[in-house]
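Below are the chains, spelled out letter by letter.
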Amino acid sequence: MAKPQKRFVCQSCGSVSSRWQGQCVDCSEWNTILEEAPAIVTPFQAKHNLQGGGRALAMMALDAEVPLPARMPSGIAELDRALGGGFVEASATLIGGDPGIGKSTLLLQAAARMALAEADVAYVSGEEAADQVRLRARRLGLGDAPVRLASATSVRDILTTLGAGKPPTLLVIDSIQTMHSDLIEGAPGTVSQVRASAQELIRFAKERGTALVLVGHVTKDGTIAGPRVLEHMVDTVLSFEGERSHQYRILRAIKNRFGGTDEIGVFAMQQEGLTEVANPSSLFLTQRDESVTGTVVFPALEGTRPVLVEIQALVVRLASGATPRRAVVGWDNGRLAMILAVLEARCGLSFSSAEVYLNVAGGYRVQDPAADLAVAAALVSALSERPVPTDAIAFGEIALSGEVRSVAHGSLRLKEAAKLGFGQALVPSAMTGEKGALRLSGFSTLGRLVDHLLGRG
């Protein structure tokens, strides 16, 4: 038979207990506990019912005035741009990237500059000895920065040390895959260890108001290693991208609870470390004194920053019967197949017996759909051996019907191109009303662009 269960509820805070007492243990009020009508419950319900026994939550209105979180500048403008203005107190940031891309170098530079600005910074390395980190700091010219440095992998030791005194303003853990919690069995780097270690470090940061930065390893596919829940636990996820054969690096925000995810930070790897690139277009544009077939400049947009990159195309005719190749570097392979199909079906150009190679100069990766028109212009130029003028840019989205559609932030792209000395632009016809320093040539369909490039009138 089910037994009646006695419930004594505090009338002040709603706390529930199984017996009466004079003072509530949760809100410390006296003579506020009253017995409620007993409920008939089974032993299973008594063990698994979560509708009582907890503490009352303080609810607030959606339109309540809440001050914005304060930002802590890192001293590196490009890093602050990707973060949305700087680090936030009591926040957790996860940064991932390929080995040797410069994650530790970037964070060491940021930690040293914040420490020189009188911030309390702690840097804990689980992959390198303290002397190795110190030597890198000297090589970067930051050896005199007052950064608290340690080499440890035990989360208990780290939190015990940092919790004994004043919590640091910024805590860098390099990396989370090397951390170990003695509450969980398993080697460092396993799913359970990464999740448990990150949870304890994030709890410390939230309770003590410390800005936490975790470095994460990546898999061969480029995703952050470990449990996917790790990206859900943190407030910001940053991806450090770039080819090791090129000097540039791009810091991109994948998730940001305190800002947008449409901004990037651009860096160049130099002998003195990572340096900021104020004009990213200079990295991805080649200096050409004369026109070259198959090359078109495209103003890509990353957040609010236009970046001018060069689209390069090569078309090679093959003997009949050979299977042509389609090779793409820096762009979507499926998108190239679509542009080729539209050029063949709507414009009468045949690429079926030719190999097509497409490359974005400088190792840049383009994800903007506005690159369709620039790619099409480069392909037509390479096929016809007619160069596009060196002072021209092109952007616009191409539909399967052959229509050229306008794209967002066209005036911003035109303004950046004019600032770098370009004189004309191949754009959708809907944008010909834009006022600017460039001479605009508008095209409603891809066929009109082909006619213009081939000189058909």
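Residues numbered from 1 in each chain as written. Predicted model: local features only at pLDDT ≥ 70, side-chain atom pairs only at ≥ 80, totals over all residues. Heavy atoms only, no water.

As annotated in an unreviewed UniProt entry, the protein is DNA repair protein RadA from Sphingomonas dokdonensis. UniProt annotates the protein under Sequence similarities (unreviewed entry) with the comment "Belongs to the RecA family. RadA subfamily." (UniProt positions renumbered as here; feature names shortened; annotations may be inferred.)

### Description of the pairing of strand 10 (residues 211–216)
Burial analysis of strand 10 places 6 of its 6 residues in the buried class, the great majority of the element. Burial of the side chains of strand 10 extends over both faces: Ala211, Val213 and Val215 are buried on one face and Leu212, Leu214 and Gly216 on the other. Bridge count for strand 6 (residues 92–97) against strand 10 is 5 bridges, and the pairing is parallel. What sits directly across from isoleucine 95, in strand 10, is valine 215. Traced from strand 9 (residues 170–174) through helix 6 (residues 191–208) to strand 10, the parallel crossover comes out right-handed. (Buried < 20%, exposed > 50% of the residue type's maximum accessible area, 1.4 Å probe, protein only. Helix = DSSP H or I, 4+ residues; strand = E, 2+ residues; numbered from the N terminus. Pairing = 2+ DSSP bridges. Right-handed = clockwise from strand over helix to strand, strands pointing away.)

### A closer look at the sheet that holds strand 13 (residues 264–270)
Read from one edge of the open sheet, 9 strands run 8-7-9-10-6-11-12-13-14, paired in mixed fashion. Only two strands of the sheet have a single partner each, and these edge strands are strand 8 (148–151) and strand 14 (273–276). For this sheet, the mean angle separating the axes of adjacent strands, direction not counted, is 25 degrees. Helix 4 (residues 130–139) rests against strand 7 (121–125) and strand 8 of the sheet, and its axis sits at about 140 degrees to strand 8. Relative to the sheet, helix 6 contacts strand 6, strand 9 and strand 10, its axis offset from that of strand 10 by approximately 160 degrees. (Axes fitted to C-alpha atoms, helices over the stretch in contact; angles between N-to-C directions. Contact = heavy atoms within 4.5 Å.)

### Digging into the packing of aromatic side chains
Here the distance between the centres and the angle between the planes together describe a pair of aromatic rings. Considering all chains together, one arrives at 1 aromatic pair under this definition. On the numbers, 6.0 Å between centres and 75 degrees between planes, the contact of phenylalanine 240 with phenylalanine 267 is edge-to-face. Pair noted here: phenylalanine 240 is in strand 11 (residues 236–241) and phenylalanine 267 is in strand 13, with a separation of 27 residues, a long-range link. For the pair shown, phenylalanine 240 and phenylalanine 267 are each scored as buried. Positioned above the aromatic ring of phenylalanine 395 is the side chain of arginine 413, whose terminal nitrogen or guanidinium carbon lies 5.7 Å from the ring centre. (Phe/Tyr/Trp six-rings, centres within 6.5 Å; stacked < 30°, edge-to-face > 60°. Lys NZ or Arg CZ within 6 Å of the ring centre and 35° of its normal.)

### Examining the UniProt feature "domain: RecA family profile" (unreviewed entry) in the protein
Annotation from UniProt places "domain: RecA family profile" (unreviewed entry) at residues 68–218. Between the first and last C-alpha atoms of residues 68–218 the distance is 32 Å; the span itself is 38% helix and 20% strand.

### Overview of empty space enclosed by the protein
The final tally for this structure, using the stated rule, is 3 cavities of 30 Å³ or more. What the largest cavity holds in volume is close to 50 Å³. Residue composition of the lining of the largest cavity, grouped by class: 4 nonpolar, 5 polar and 1 charged. (1 Å grid on protein atoms, 1.4 Å probe; cavity = no way out; pocket = protein on both sides within 12 Å on 5 of 7 lines; lining within 4 Å. Points joined across faces, edges and corners; volume = space filled by probe spheres on them. Nonpolar A, V, L, I, M, F, W, Y, C, P; charged D, E, K, R; others polar.)

### Considerations on the side chain of aspartate 80
Mapping aspartate 80 onto the fold places it in helix 2 (residues 77–83). Buried charged residue aspartate 80 carries no salt bridge. Nearest counter-charge: arginine 71, at 7.9 Å. Residue contacts for aspartate 80: discarding those within four places in its chain leaves Pro73, Ser74, Gly75, Gly85 and Gly86. (Lys, Arg positive; Asp, Glu negative; His and termini not counted. Salt bridge = Lys/Arg side-chain N within 4 Å of Asp/Glu carboxyl O.)

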